[in-house]
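Residue-level structure breakdown
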Amino acid sequence: MTKIAVKFWGTRGSIPTPGPRTVKYGGNTSCVSVTFGEDKRIIFDAGTGIRELGNHLIKTQKKIISHIFLTHFHWDHIQGLPFFAPAFSADNRFSIYGCENQKTKLSKVLSDQMESSYFPVPLKKLGAILTFKPLTEGSYLIEGLTVRSLYLNHPGNTLGYLITHRNKTIGYLTDNEFTSGFIKKPKSNHTSCDDYNLKIIHAIQDSDLVIFDAQYTPEEYQNKKGWGHSHYENVLTVAMAAEIKKCVLFHHDPSHTDADLDKIGIQCLEIIKRRGGSMDCIVAQEGLEIEL
């Protein structure tokens, strides 16, 4: 059976947070890689974490071919691309996916951040072959992988992704705001569940692993409703309703220290136990690798 490995290169939201208080969980912004055996790799987002991923790839591979799925174009999800060393080599090839509209083109957004006012090397000078592939909400077959993209609840056009390969499904749903409406398992036919939450529950039903935006505590969320991020209790409610196997809390708030995230992890396990669930739940750490 093909080994599937999920590795976290950047777990922080909003802005990089280096320093002694973020060593355990990391200070780089969003980047996650998923490898399928020896021949397939996808990369979720290009935050500052993609720099270390690039350094690793250069040391371990001669020719690098990968698919990069961007959720959206906020700084913390694209700011690492100019420092992604494999993109400077003509031997490498990358397909870059993301949503766009008439005013915001995928290639233009990435080239704009590398204009001379912001960066010394323009996008067109990168040596690798870059192919830009706009996506909308829907299902796609990419190199034998089934990719489902979902519009998420976040300011601007934002996509989440579900990747299925050989009956294993991995979800990446960051920069997403769940509401606090009553949620019950879909099979119960309860009708008072919030429509958006229900859409996500159906999409991720029985997934093996889902990476969720869980930037806030419930207390912090009260003053940040509408900012496009979730608190961990709502995440657990959705994840448990969908009966997923492993829930990974991600996109950590810049103010949250290692001690804060340790506490959140413990609280989440207590909530799951109190609700009678058996779902595994962990807090994402830079360098963590999970095999499926």
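For the structure given in this document, a descriptive report is provided here. None of these values were measured; they are calculated from a predicted model.

**Description of the overall build of the protein chain**
What the protein chain contains, in helices and strands, is seven helices and 14 strands. Here the protein chain has a C-alpha radius of gyration of 18 Å; the compact-globule value for 292 residues is 19 Å, and the two agree. Of the contacts formed within the protein chain by residues at least 6 apart in sequence, a portion of 67% connects residues at least 24 apart. Accessible area for the protein chain stands at about 13400 Å²; split by element, carbon and sulfur atoms hold 51% of it. Both charge centroids of the protein chain, one from 33 positive and one from 31 negative side chains, sit 4 Å from each other.

**Some thoughts on the side chain of Asp-175**
Summarising the element assignment, Asp-175 is placed in the loop between strand 10 (168-173) and helix 4 (195-204). For Asp-175, which is buried and forms no salt bridge, the nearest opposite charge comes from Arg-12, at a distance of 12 Å. Separated by 3.3 Å, the side chains of Asp-175 and His-154 make a polar contact. Once residues lying within four places of it in the same chain are set aside, the contact partners of Asp-175 are His-72, His-77, Leu-152, Asn-153, His-154, Thr-158, Asp-213, Gly-228, His-229 and His-251.

**So, the sheet that holds strand 11 (residues 209-213)**
Taking strand neighbours across the sheet as the criterion, the seven strands line up as 7-8-9-10-11-12-13 in an open arrangement whose pairing is mixed. Whereas interior strands pair on both sides, the edge strands pair on one side only; in this sheet they are strand 7 (138-142) and strand 13 (280-283). Geometrically, the sheet is characterised by an average inter-axis angle of 20 degrees between neighbouring strands, direction not taken into account. As defined by bridge partners, strand 10 adjoins strand 11 across four bridges and the pair is classed as parallel. Each bridged residue has a counterpart across the sheet, and for Gly-171 the counterpart in strand 11 is Val-210. The strands touched by helix 4 are strand 8 (145-151), strand 9 (159-165), strand 10 and strand 11; relative to strand 8, the strand with the most contacts, the crossing angle is about 175 degrees.

**Topic: the nonpolar core**
Among the nonpolar cores identified, the biggest contains 33 residues, and Ile-200, Ile-204, Phe-212, Ile-244, Cys-247 and Leu-249 are the most heavily contacted of them. Counting residues per element, the ones that place at least two in this core are helix 4, strand 11, helix 6 (232-241), strand 12 (246-250), helix 7 (258-274) and strand 13. Broken down by element, this core gets its largest block of residues, seven residues, from helix 6. Not counting residues within four places of it along the chain, the set of residues in contact with Phe-212 comprises Leu-173, Phe-178, Ile-204, Val-235, Ala-239, Ile-244, Cys-247, Val-248, Leu-249 and Phe-250. Listed in part, the 26 residues of the second largest apolar core include Ile-4, Val-32, Phe-44 and Val-248.

**Focus: the sheet that holds strand 4 (residues 65-69)**
Pairing within the open sheet is mixed, and its seven strands lie in the order 6-5-4-3-2-1-14. Each having just a single partner strand, strand 6 (129-134) and strand 14 (289-291) make up the two edges of the open sheet. Put simply, the sheet's adjacent strands are angled 20 degrees from each other on average, direction ignored. Two strands pair when backbone bridges link them, and strand 1 (residues 4-10) and strand 14 are joined in this way by three bridges, in the antiparallel orientation. Of the residues in strand 14, the one forming a bridge with Lys-7 is Glu-289. Seen against the sheet, helix 1 (residues 49-60) touches strand 1, strand 2 (31-36), strand 3 (40-44) and strand 4 and runs at an angle of roughly 125 degrees to strand 1.

**Some details on unusual backbone geometry**
Not every positive phi belongs to a glycine, and Asn-167 is a case in point at roughly 65 degrees. Structurally, Asn-167 is set in the loop between strand 9 and strand 10. Given the relative accessible area of 76%, Asn-167 is considered exposed. Even without a glycine there, the phi angle at His-251 is positive, about 60 degrees. Here His-251 lies in the loop between strand 12 and helix 7.

**Remarks on helix 7**
Across its 17 residues, helix 7 extends 24 Å between first and last C-alpha, which sits within 8% of the 24 Å expected from 1.5 Å per residue. Those residues of helix 7 lying buried are Asp-258, Leu-261, Ile-264, Gly-265, Cys-268, Ile-271 and Ile-272. An end-on view of helix 7 places all buried positions within 140 degrees of arc, on one side of the element. For helix 7, the exposed residues set more than 90 degrees away from the buried face come down to Ala-259, Lys-263, Ile-266, Lys-273 and Arg-274. As for helix 7, its buried residues are in contact with helix 6, strand 12 and strand 13. Positive phi appears at Gly-276, one or two residues downstream of helix 7, with a value of about 80 degrees.

Conventions and cut-offs
Residues numbered from 1 in each chain as written. Predicted model: local features only at pLDDT ≥ 70, side-chain atom pairs only at ≥ 80, totals over all residues. Heavy atoms only, no water. Helix = DSSP H or I, 4+ residues; strand = E, 2+ residues; numbered from the N terminus. Rg over C-alpha atoms; globule rule 2.2 N^0.38 Å. Contact = heavy atoms within 4.5 Å. Areas by Shrake-Rupley, 256 points an atom, 1.4 Å probe, with all protein chains shown as cover. Lys, Arg positive; Asp, Glu negative; His and termini not counted. Charge placed at Lys NZ, Arg CZ, Asp CG, Glu CD. Buried < 20%, exposed > 50% of the residue type's maximum accessible area, 1.4 Å probe, protein only. Salt bridge = Lys/Arg side-chain N within 4 Å of Asp/Glu carboxyl O. Polar contact = N/O pair within 3.5 Å; in protein donor to acceptor, adjacent residues only side chain to side chain. Pairing = 2+ DSSP bridges. Axes fitted to C-alpha atoms, helices over the stretch in contact; angles between N-to-C directions. Core = buried A, V, L, I, M, F, W, Y, C linked by side-chain atoms within 4.5 Å. Expected span 1.5 Å × (residues − 1). Arc of directions from axis to C-beta.

Nothing here speaks to function; it is geometry throughout.
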